[in-house]
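This is what each chain is made of:
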Amino acid sequence: MEAFPIPSDTYKLGFIGAGKMAESIARGVVGSGLLPPSRICTSHSNPIRVDAFESFGVTVLPRNDDVVEDSDVVIFSVKPQVVKKVVSQLKPLLSKKKLLVSVAAGTKLKDLEVDRPFEFRFSKLSVGVIINYLQEE
């Protein structure tokens, strides 16, 4: 498999799904100094969720497509019942140069293989792992 390194000093992080879990992870990333908010984006149409992310400097884009296009690492944080639908919508935009990380509850990697095996880099991560990491920083 060909390696596509993501430069740690310039990568951008995007969130598909702008709910409470995504907000908590983004706040932790910013609060720990791991990334400045200017390198994080998400998408949502609800003004309350938009305000929540903008309150700590995260850019809110108009569409999920824009988030994928603007990000090197995409954290997939959507409700389990819409996972397959959203993955199929975004799949054409995903490539081996992007890393998609799922924190969607109750899903397995094989559940996300819509129509055919992955042609992009994908990982599943437990929220507990993220919380432990950010607490250690």
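Look a little higher up for the structure.
Computed from a prediction, not measured in an experiment: that's the story for all the values here.

Give me the lowdown on the overall build of the chain, citing residues and values where you can.
Within the chain one finds 5 helices and 6 strands. Moving toward the C terminus, one meets the helices and strands of the chain in the order β-α-β-α-β-α-β-α-β-β-α. Looking at the chain as a whole, 41% of its 137 residues qualify as buried. Within the chain, contacts between residues at least 6 apart in sequence are counted, and of these 65% link residues at least 24 apart. Split by element, the accessible area of the chain, about 7,700 Å² in all, is 54% carbon and sulfur.

Go over the nonpolar core, please, and point to the residues and values.
Judged by nonpolar contacts, the single largest core of 19 residues is most densely connected at Leu-13, Phe-15, Ile-40, Phe-53 and Ile-75. Counting only elements with at least two residues in this core, the list comes to strand 1 (13-16), helix 1 (20-31), helix 2 (47-54) and strand 4 (73-76). Here the element with the most residues in this core is helix 1; it accounts for 4 residues. Sequence-distant contacts of Phe-53, defined by excluding residues within four places in its chain, comprise Ala-18, Gly-19, Ala-22, Glu-23, Ala-26, Thr-42, Val-58 and Val-60. Among the nonpolar cores identified, the runner-up in size contains 15 residues, and Phe-76, Val-78, Val-87 and Leu-100 belong to it.

Lay out the environment of Phe-15 in plain terms, naming residues and giving numbers.
By the element assignment, Phe-15 lies in strand 1. A C-alpha to C-alpha distance of 8.7 Å links Phe-15 and Val-73, two positions 58 residues apart in sequence. If we ignore the near neighbours within four places in the chain, the residues touching Phe-15 are Ala-22, Ile-25, Ala-26, Ile-40, Cys-41, Thr-42, Ser-43, Val-67 and Ile-75.

Explain the packing of aromatic side chains to me, using residue names and the numbers behind them.
A complete count under the given rule lists 1 aromatic pair for this structure. Relative to Phe-56, the ring of Phe-53 lies with its centre 5.9 Å away and its plane at 35°, an arrangement referred to as tilted. A cation over an aromatic ring shows up here: Arg-39 above the ring of Tyr-11, its NZ or CZ 5.5 Å from the ring centre.

Summarise the pairing of strand 5 (residues 99-102); cite the residues concerned and give the values.
Judged from the 4 bridges that link them, strand 4 and strand 5 form a sheet pairing that is parallel. Within the sheet, the bridge partner assigned to Val-73 lies in strand 5 and is Leu-99. Considered for its hand, the β-α-β crossover made up of strand 4, helix 4 (residues 83-90) and strand 5 is right-handed.

Cut-off values and rules
Residues numbered from 1 in each chain as written. Predicted model: local features only at pLDDT ≥ 70, side-chain atom pairs only at ≥ 80, totals over all residues. Heavy atoms only, no water. Helix = DSSP H or I, 4+ residues; strand = E, 2+ residues; numbered from the N terminus. Buried < 20%, exposed > 50% of the residue type's maximum accessible area, 1.4 Å probe, protein only. Contact = heavy atoms within 4.5 Å. Areas by Shrake-Rupley, 256 points an atom, 1.4 Å probe, with all protein chains shown as cover. Core = buried A, V, L, I, M, F, W, Y, C linked by side-chain atoms within 4.5 Å. Phe/Tyr/Trp six-rings, centres within 6.5 Å; stacked < 30°, edge-to-face > 60°. Lys NZ or Arg CZ within 6 Å of the ring centre and 35° of its normal. Pairing = 2+ DSSP bridges. Right-handed = clockwise from strand over helix to strand, strands pointing away.

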